[in-house]
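Fold and contact review
Okay, here's what each chain looks like letter by letter:
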Amino acid sequence: MRKIALALHGGAGTILKSTMTPEKEIAYKTALDEALNIGYSALEKGASSLDAVEATVMSLENCPLFNAGKGSVFTNAGSHEMDAAIMTGKDLMAGAVAGISGVKNPVHLARMIMEKSEHVMLSGVGAAEFAKLLKLDFENEDYFFNQFRYDQFLEIRDTDKFQLDHTEKKFGTVGAVALDQNGNIAAATSTGGMTNKRFNRVGDSPIIGAGTYANNNTCAISCTGHGEFFIRAVVAYDISCLIEYKGLSLTEACEFVVNDKLKKFGGEGGLVALNTNGDCVLAFNSDGMYRAWKTSENKKGVEIYR
């Protein structure tokens, strides 16, 4: 059997063991491991990398621990606006959605945009209309309500502040990258954005080349962090370019962008990355990143802290 591999993340930031309860740590690791097993089992059974990253991210979207899907944070208006993207390295096909509300699994909608429309990105009301035409699963506001999230929102609702969801007492963007038995790679990312965000703010997650990218010739990348910085640095595509045009290894490219370029102008966060050789990199410049990975070379890990 050819090499297969899967890596995922559930957010990066100030994640310290000293402030994490044993119960919460177990809950996170269990959720990460479950998502990892779902995606990797699919790969073992011959599923495509695209199927694997979608299934992995959907598992994380269905878990209230993470800021995506069911666990999405509240906007300034007290609603939820979710973003997602998916991309396959075989043919550079991609789909993305921004500012979607009510859809149970935004990453699935992103894939449908890629496969069922002539577009790459849809947003807001139009994206919801498209999802309804395809009879995708919608949920009411009760499904997305989380008391802890709501308390976060109430703390800053009447201010001009928005709150990054990347500290231990909050939750993070989710994403996955995979390599399948046919030698193809894919990436997917999903997020609920920032607490108290206004004006239909969109981060890097649904932007192809910023928070999500896949190209069989270079790598598959899914990012998590302060989206504005990842957009400005075009992080995912920048790593691909360093591999393609400069000849850097996957590790070298990821380390340079995450721990040099991003840090120099204040960008905090991380990413998971894979290439068609099965090389796997989980790079971050914060105190921690919820992450898990497994390869056909019996390498597996589920980690939280640096």
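For the structure, check the block above.
Residues numbered from 1 in each chain as written. Predicted model: local features only at pLDDT ≥ 70, side-chain atom pairs only at ≥ 80, totals over all residues. Heavy atoms only, no water.

**What to know about the overall build of the protein**
Within the protein, the regular secondary structure consists of 9 helices and 12 strands. On C-alpha atoms alone, the protein measures out to a radius of gyration of 17 Å, which is about the 19 Å that the 2.2 N^0.38 rule sets for 306 residues. Scored against the burial criterion, the 306 residues of the protein give a buried share of 59%. A fraction of 68% describes how many contacts in the protein between residues 6 or more apart in sequence connect residues 24 or more apart. In the protein, 31 positive and 37 negative side-chain charges are present, and the distance between their average locations comes to 2 Å. (Helix = DSSP H or I, 4+ residues; strand = E, 2+ residues; numbered from the N terminus. Rg over C-alpha atoms; globule rule 2.2 N^0.38 Å. Buried < 20%, exposed > 50% of the residue type's maximum accessible area, 1.4 Å probe, protein only. Contact = heavy atoms within 4.5 Å. Lys, Arg positive; Asp, Glu negative; His and termini not counted. Charge placed at Lys NZ, Arg CZ, Asp CG, Glu CD.)

**Describing the sheet that holds strand S6 (residues 185-191)**
Within the open sheet, the 8 strands sit side by side as S4-S3-S2-S6-S5-S1-S11-S12. Their pairing is mixed. The open sheet has two edge strands with one neighbour each: strand S4 (121-123) and strand S12 (300-305). For this sheet, the mean inter-axis angle between neighbouring strands, taken without regard to orientation, is 5 degrees. Here strand S1 (residues 5-13) runs beside strand S11 (residues 288-295); their pairing, made up of 7 bridges, is antiparallel. Along S11, the bridge assignment pairs Ala12 with Met289. Relative to S12, helix H1 (residues 22-44) is tilted by about 150 degrees, and along the sheet it contacts S1, strand S5 (174-179), S11 and S12. (Pairing = 2+ DSSP bridges. Axes fitted to C-alpha atoms, helices over the stretch in contact; angles between N-to-C directions.)

**A short note on the packing of aromatic side chains**
Counted by the stated rule, this structure contains 6 aromatic pairs. Here the aromatic rings of Tyr28 and Tyr290 are separated by 4.2 Å at their centres, their planes lie at 20 degrees, and the arrangement is stacked. Of the two residues, Tyr28 sits in helix H1 while Tyr290 sits in strand S11, which places them 262 residues apart along the sequence. The same class applies to Tyr28 and to Tyr290, which are both buried. Ring plane angle 80 degrees and centroid distance 6.3 Å describe the contact between Phe66 and Tyr290, whose orientation is recorded as edge-to-face. Taken together, the residues span a long stretch of sequence, with Phe66 in the loop between helix H2 (49-61) and strand S2 (82-88) and Tyr290 in strand S11 at a distance of 224 residues. Its relative accessible area of 0% is what places Phe66 among the buried residues. Take Tyr290: its relative accessible area is 2%, and that puts it in the buried class. Ring-pair connections join several aromatic residues into one group, and the members of that group are Tyr28, Phe66 and Tyr290. (Phe/Tyr/Trp six-rings, centres within 6.5 Å; stacked < 30°, edge-to-face > 60°.)

**A closer look at the packing of helix H8 (residues 235-246) against helix H9 (residues 250-264)**
It is the contact of H8 with H9, at a shortest axis distance of 9 Å, that shows an interaxial angle of 135 degrees. Between H8 and H9, the interaxial angle falls into the category oblique. H8 and H9 meet at a crossing whose hand is right-handed. Within the contact between the two elements, H8 uses Val235, Asp238, Ile239, Leu242 and Ile243 and H9 uses Leu250, Ala253, Cys254, Phe256, Val257, Lys261 and Leu262. In terms of residue class, the contact of H8 with H9 is built from 10 nonpolar, no polar and 2 charged. (Parallel < 35°, antiparallel > 145°, perpendicular 65-115°, else oblique. Left-handed = near helix turned anticlockwise from the far one by under 90°. Nonpolar A, V, L, I, M, F, W, Y, C, P; charged D, E, K, R; others polar.)

**Side note on the side chain of Asp83**
Of note, Asp83 is situated in strand S2. Buried charge without a salt bridge: Asp83, with Lys197 as the nearest opposite-charge side chain at an N-O distance of 4.5 Å. Discounting chain neighbours no more than four positions away, the residues touching Asp83 are Val97, Ala98, Gly99, Thr189, Ser190, Thr191, Val202, Gly203 and Pro206. (Salt bridge = Lys/Arg side-chain N within 4 Å of Asp/Glu carboxyl O.)

**With respect to the environment of Leu271**
Relative to the helices and strands, Leu271 resides in strand S9 (residues 269-274). In contact with Leu271, not counting residues within four places along its chain, are Ile221, Ser222, Cys223, Val235, Ile239, Cys254, Val258, Val281, Leu282, Ala283 and Met289.

**What about the sheet that holds strand S10 (residues 280-284)?**
Overall, antiparallel pairing links the 4 strands, which are arranged S7-S8-S9-S10 in an open sheet. The open sheet terminates on both sides in strands that have one partner only, identified here as strand S7 (212-215) and S10. With strand direction ignored, the average angle separating the axes of adjacent strands in the sheet is 10 degrees. Of the strand pairs in this sheet, S7 and strand S8 (residues 219-225) are connected by 4 bridges, and their pairing is antiparallel. Directly across from Thr212, in S8, lies its bridge partner Ser222. Packed onto the sheet, H8 meets S7, S8 and S9 and runs at close to 145 degrees relative to S8. Packing of H9 onto the sheet brings it into contact with S8, S9 and S10, and relative to S10 it is tilted by some 10 degrees.

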